[in-house]
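# Working through the structure, step by step
Listed here are the chains, written in short residue letters.
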Amino acid sequence: MISEKITLIKANIIEIAQQFNRFPADINLLAVSKTRPVEDIIAAINVGQTSFGESYLQDALPKIQALTKYDLEWHFIGALQSNKTRLIAENFDWVQSVDNFKHAQRLSTQRPTSLSPLNVCIQINISSEPQKSGIKLNELPNLAAEIAILPNLCLRGLMALPISSQNFTQQCLPFRALHDTYQQLKNLGLNLDTLSMGMTNDMEAAIAEGSTLVRIGTGIFGKRQQV
Ligand SMILES: *Cc1c(COP(=O)(O)O)cnc(C)c1O
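This text gives an overview of the structure that appears in the document. Keep in mind that what you see is a predicted model, and the values were worked out from it rather than measured. (Residues numbered from 1 in each chain as written. Predicted model: local features only at pLDDT ≥ 70, side-chain atom pairs only at ≥ 80, totals over all residues. Heavy atoms only, no water.)

## Focus: the pairing of strand β3 (residues 73-76)
- As paired strands, strand β2 (residues 51-54) and β3 are joined by 4 bridges and run parallel to one another. Bridge pairing links Phe-52 to Trp-74 in β3.
- Read as a crossover between parallel neighbours, the route from β2 over helix α3 (residues 57-66) to β3 is right-handed.
- In the sheet, β3 pairs with strand β4 (residues 94-98) via 2 bridges, with the strands oriented parallel. Bridge pairing links Phe-76 to Val-95 in β4.
- Taken together, β3, helix α4 (residues 85-91) and β4 form a β-α-β motif whose crossover is right-handed. (Pairing = 2+ DSSP bridges. Helix = DSSP H or I, 4+ residues; strand = E, 2+ residues; numbered from the N terminus. Right-handed = clockwise from strand over helix to strand, strands pointing away.)

Written as structure tokens, this is what we have:
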């Protein structure tokens, strides 16, 4: 049951936070609803979940439109393409997967000024995997400075999806590197509050290393069908 799984994950987050001396209230839960039907999202809404993550624009739009009567926060977490930025800027509250200035600039230009600024995270390719989205750590300070001054965006933080590992110690290493980088950017004067890291299989390591937003799909909705 989706409602029971959400209750369980939330209890789990509190327990892990306490174990690692974190404030449970500093760790937010994003329910990753990509490929799931509207009914599953409503089941989550019914137990108080309000933030949802989607990776595929065409899959997400009908769900966003079907659920406008609820006060929800939609996060785009999939790969960005130039021809998709307008609909993303018009329909989402957050984009966590920004990894170049061109896309950031398009999102800023295309964000309707009737809406609040679009919240963005820069995606880092923390494990330097050639096939994955995200910028390299050494490119981050410049990109962050450029994005921070775009008028219709609000740069909130960083997101990463490290190489998967079943070993807690191994899982911690990239998360620690990301947290260090996040702190460095804050020390440079950027006003960031979001470190988006941790999924179903590595949530504990991510929270131990400072995550403020865990993105959970399978742990809430069960195994995904292939798309
Ligand atoms: C699918 C996805 C998730 C959720 O992963 P689970 O292992 O199902 O919890 C989190 N983040 C991103 C960027 C994703 O694409």
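## With respect to the site of the ligand
- Residues in contact with the ligand, as listed here, are Val-32, Lys-34, Ser-55, Ile-77, Leu-161, Met-199, Thr-200, Arg-215, Ile-216, Gly-217, Thr-218 and Arg-224.
- Contact between the ligand and Lys-34: an oxygen atom at 2.7 Å from a side-chain N or O atom of the residue.
- Between Gly-217 and the ligand, the recorded distance is 2.8 Å, taken from a backbone N or O atom to an oxygen atom.
- Look at the ligand: alone it shows 390 Å² of surface, and the protein chains cover 90% of it.
- Partitioned by chemical class, the residues of the shell around the ligand number 5 nonpolar, 4 polar and 3 charged. (Near = heavy atom within 4 Å. Polar contact = N/O pair within 3.5 Å; in protein donor to acceptor, adjacent residues only side chain to side chain. Areas by Shrake-Rupley, 256 points an atom, 1.4 Å probe, with all protein chains shown as cover. Nonpolar A, V, L, I, M, F, W, Y, C, P; charged D, E, K, R; others polar.)

Geometric values such as these leave the question of function open.
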